[in-house]
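What follows is the residue order along each chain.
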Amino acid sequence: MSKKKYNDYRPEIVGMEWTPGNLILIASRSWGGKSQYVLGNCIVAGTKEEIPVAYFLPDGDSMRIRKALLRMQVGSQVYDSGQIKTENIKELPLFFDDTPDMTIAYIVDRLFHLAETKEIGMAVIDGLQCLNTSQLDGGTKERELNSVLRILKAMAEALGIVIIVKSSLSDYYLPQNELPTIRDILDVTEAKSFCDQIILFHPVEILEDFYKMILPFGHPFFKDDGREMVINLVLDKELGYFKKAESLYREVDTQAAETPMYEWYRDTKYYDWYFEFLDSEGMGWKITISPSVESEKNEYDVDADNWAGDHINIAMEEPGDDMEKLKAFALREARRRFPAVEIPEKG
């Protein structure tokens, strides 16, 4: 059993209340923000070096997490420069486990051990859907994952620790102005029954680091409310984790302020042209035609970026004397690269 309950610890974590014994499910799509929130807000800026944390990775990639944590600790500029000083790094009491083919029985055994030997106050299960649940023999994936949540809730209460579970959302296309609900949690139907808190993330504008945090049953601080709460967040570019936005996003403004889809539009400040479309999986892409920085002639670069931050260079230093021909060239290249997608062009 855990020797310390950490009941008096009060970390400031946006959208979450620290209560030992709680099971908290945090869900988003793969690019939707759950990793930055758990690593940055809950660990680096939350539990810090104050509370030992067990971190389970069923997908077996602890090095990726270690690099992300280091970046958050020192800041992106220092990390990218490579000028990292060891005295600026605080040793976080993190205990990683990326054992392959991880089962819930294995996690239960390790939780008891780490609670006794390391006095952990929090555990993170990084990837609910990645767990091997075959030993539960529930008949369906939904029943097996519901059983996992029931077991983890019992463990949180028995050990007096906080357990955070990272989950995926269904990958079907969700319009930008439509927020996910608990029904969108992948292969989980009973999250409300076993989880004390549920936190969903929805990217509003990834390229500008705007997100919405959805609390389906309100903030636990307001225990008698129970109504859905939505918190506007912005991803701190330097630290890599979230803070509350100081202003509303553009998508809550009038429709006239929204950027059009399947239609060329122009940024007159930078002389760029844009065209946005959706790929076959519902991922949004933006084609950008921008003046070539290195060229002294009237030449343009053509690039495409998606909501997840993926980048494609289509062409460089293309003649821009006839912009209509250049835009037609950009669309031809986009259609060639996305043959399964119809990319219409509005007049």
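Shown above is the structure to which this text applies.
Quick look at the structure, then.

About the cut-offs
- Residues numbered from 1 in each chain as written.
- Predicted model: local features only at pLDDT ≥ 70, side-chain atom pairs only at ≥ 80, totals over all residues.
- Heavy atoms only, no water.
- Helix = DSSP H or I, 4+ residues; strand = E, 2+ residues; numbered from the N terminus.
- Buried < 20%, exposed > 50% of the residue type's maximum accessible area, 1.4 Å probe, protein only.
- Areas by Shrake-Rupley, 256 points an atom, 1.4 Å probe, with all protein chains shown as cover.
- Lys, Arg positive; Asp, Glu negative; His and termini not counted.
- Charge placed at Lys NZ, Arg CZ, Asp CG, Glu CD.
- Core = buried A, V, L, I, M, F, W, Y, C linked by side-chain atoms within 4.5 Å.
- Contact = heavy atoms within 4.5 Å.
- 1 Å grid on protein atoms, 1.4 Å probe; cavity = no way out; pocket = protein on both sides within 12 Å on 5 of 7 lines; lining within 4 Å.
- Points joined across faces, edges and corners; volume = space filled by probe spheres on them.
- Nonpolar A, V, L, I, M, F, W, Y, C, P; charged D, E, K, R; others polar.
- Pairing = 2+ DSSP bridges.
- Axes fitted to C-alpha atoms, helices over the stretch in contact; angles between N-to-C directions.
- Parallel < 35°, antiparallel > 145°, perpendicular 65-115°, else oblique.

Things to note about the overall build of the protein
Counting its secondary structure elements, the protein contains 7 helices and 14 strands. Along the three orthogonal principal directions, the C-alpha set of the protein runs to about 75 × 50 × 40 Å. Per-residue burial over the protein gives 50% buried out of 347 residues. Accessible surface, the protein as shown: approximately 17800 Å² in total, 48% of it carbon and sulfur. Distance between charge centres in the protein, computed from 40 positive and 60 negative side chains, equals 4 Å.

Description of the nonpolar core
If you look at the biggest cluster of nonpolar residues, it comprises 37 residues, and the most contacted ones within it are Met16, Tyr37, Ile164, Ile199 and Met213. Counting residues per element, this core draws most heavily on helix H1 (residues 34-47), at 6 residues. With near-sequence residues (within four places) excluded, Met213 lies in contact with Val14, Gly15, Tyr37, Ile199, Leu200, Phe201, Met229, Val230, Ile231 and Leu233.

Concerning the layout of surface pockets
The calculated volume of the largest pocket comes to roughly 750 Å³. Going through the elements one at a time, H1, helix H2 (62-74) and strand E5 (162-168) are the ones with two or more residues in the lining of the largest pocket. With 5 residues, the single largest contributor to the lining of the largest pocket is H2. Taken together, the residues of the lining of the largest pocket break down into 12 nonpolar, 10 polar and 12 charged.

Focus: the sheet that holds strand E6 (residues 197-205)
Within a sheet, each strand pairs with its neighbour through backbone hydrogen bonds, oriented either parallel or antiparallel. Pairing in this open sheet of 9 strands is mixed, and the strands run E3-E2-E4-E5-E1-E6-E7-E8-E9 from one edge to the other. If you trace the sheet from one side to the other, it starts and ends with strand E3 (94-97) and strand E9 (242-244), each paired once. Adjacent strand axes in the sheet meet at a mean angle of 25° when their direction is disregarded. The sheet contacts of H1 involve strand E1 (23-28), strand E2 (53-56), E3, strand E4 (122-126), E5, E6, strand E7 (210-215), strand E8 (229-235) and E9, and relative to E5 the element is tilted by about 160°. Against the sheet, H2 touches E2, E3 and E4, its axis set at about 155° to E3.

Focus: unusual backbone geometry
Within the chain, Asp101 stands out as a residue other than glycine whose phi angle is a positive 55°. Among the secondary structure elements, Asp101 is positioned in the loop between E3 and helix H4 (104-117). Its identity is not glycine, yet Glu317 carries a phi of approximately 55°, on the positive side. Inspection of the secondary structure puts Glu317 in strand E14 (residues 311-319).

A few points about the packing of H4 against helix H5 (residues 141-159)
It is at 11 Å that the axes of H4 and H5 come closest, and there the two elements cross at 10°. Judged by the inter-axis angle, H4 sits roughly parallel to H5. Between H4, through Ile104, Ile107, Val108, Leu111, Phe112 and Ala115, and H5, the contact on the second element is made entirely by Val148, Ile151, Leu152, Met155 and Leu159.

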